[in-house]
Amino acid sequence: LHRQRTATPRSHGNYVNSIEYAENVINDDLQCFSNFDLDDIGAYMLVLLSDGSPSDNKPGDQMRRRDAVCRLSQRLKSKLTVYGMGIGAMGSDFEQLKYLVDAATEHG
């Protein structure tokens, strides 16, 4: 339990590449089911783990993350669950996780 108060991130967490990769994997998977109705395919869960705010903070990165999550949510509707889990030290910034989960809920 002591580690929760003292742990610090050691490397960079780039959300954009991870989320866009997940989107591509899910889209490739959905191609296999292109002849099926949405009701006939399995459900998907996108789990976003973070130890704090994302390191990819160039102009447009936040929108790219949100757009990818929203595209999946709009396509899959109730077949997609997006879950954000903050695993960093107390006081870490998890606003971006909440933002992405809220965007998925709003668009799905």
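Structure's up top.
All of these numbers come straight from a predicted model, not from anything done at the bench.

The rules we used
- Residues numbered from 1 in each chain as written.
- Predicted model: local features only at pLDDT ≥ 70, side-chain atom pairs only at ≥ 80, totals over all residues.
- Heavy atoms only, no water.
- Salt bridge = Lys/Arg side-chain N within 4 Å of Asp/Glu carboxyl O.
- Helix = DSSP H or I, 4+ residues; strand = E, 2+ residues; numbered from the N terminus.
- Buried < 20%, exposed > 50% of the residue type's maximum accessible area, 1.4 Å probe, protein only.
- Patch = residues over 30% accessible without salt bridge, like charges linked within 9 Å, V, L, I, M, F, W, Y side chains within 5 Å.
- Areas by Shrake-Rupley, 256 points an atom, 1.4 Å probe, with all protein chains shown as cover.
- Axes fitted to C-alpha atoms, helices over the stretch in contact; angles between N-to-C directions.
- Left-handed = near helix turned anticlockwise from the far one by under 90°.
- Contact = heavy atoms within 4.5 Å.
- Nonpolar A, V, L, I, M, F, W, Y, C, P; charged D, E, K, R; others polar.
- Polar contact = N/O pair within 3.5 Å; in protein donor to acceptor, adjacent residues only side chain to side chain.
- Parallel < 35°, antiparallel > 145°, perpendicular 65-115°, else oblique.

*Asks:* Lay out the pattern of salt bridges in plain terms, naming residues and giving numbers.
*Replies:* Applying the stated criterion across every chain yields a total of five salt bridges. With a closest N to O distance of 2.6 Å, E20 and R64 form a salt bridge. Linking E20 in helix α2 (residues 15-31) with R64 in helix α3 (residues 61-76), this pair joins segments that are 44 residues apart in sequence. The partly exposed category is assigned to R64, whose relative accessible area is 35%. Between E106 and R66 there is a salt bridge whose closest N-O contact spans 3.9 Å. Taken as a pair, E106 in helix α4 (residues 95-107) and R66 in helix α3 lie far apart in primary sequence, 40 residues in all. On the basis of relative accessible area, E106 is assigned to the exposed category, the value being 58%.

*Asks:* With reference to specific residues and values, describe a nonpolar patch on the surface.
*Replies:* Taken together, M45, V47, L49, Y83, M85 and I87 make up a surface patch of nonpolar side chains, about 580 Å² in accessible area. Contributing elements (two or more residues each) for the nonpolar patch: β1 (44-50) and β2 (80-86). A per-element tally of the nonpolar patch places β1 first, with three residues. With respect to the secondary-structure elements, L49 resides in strand β1. We classify L49 as exposed; its relative accessible area is 53%.

*Asks:* Explain the packing of α3 against α4 residue by residue, including any values.
*Replies:* α4 packs onto α3 with a crossing angle of 35° between their chain directions and a minimal axis gap of 8 Å. The way α3 lies across α4 gives a crossing that is right-handed. For the pair α3 and α4, the contacting residues are Q62, R65, R66, V69, C70, S73 and Q74 in the first and Q96, Y99, L100, A103, A104, E106 and H107 in the second. Its residues assigned to classes, the contact of α3 with α4 comprises six nonpolar, five polar and three charged.

*Asks:* Account for the side chain of E23, naming residues and giving values.
*Replies:* For E23, the location among the structural elements is in helix α2. Assessed through its relative accessible area of 8%, E23 is described here as buried. At 2.7 Å, the side chain of E23 and the side chain of R71 are in polar contact.

*Asks:* I'd like a description of the packing of α2 against α3, backed by residues and values.
*Replies:* For the pair α2 and α3, interaxial distance at closest approach is 9 Å and the crossing angle is 20°. If you check the angle between α2 and α3, you find them roughly parallel. Crossing handedness for the pair α2 and α3: left-handed. Taken together, the residues of α3 that come into contact with α2 (itself represented by Y15, V16, I19, E20, E23, I26, N27, L30 and Q31) are D61, R64, R65, A68, V69, R71, L72, R75 and L76. For the contact of α2 with α3, the class distribution of residues is nine nonpolar, two polar and seven charged.

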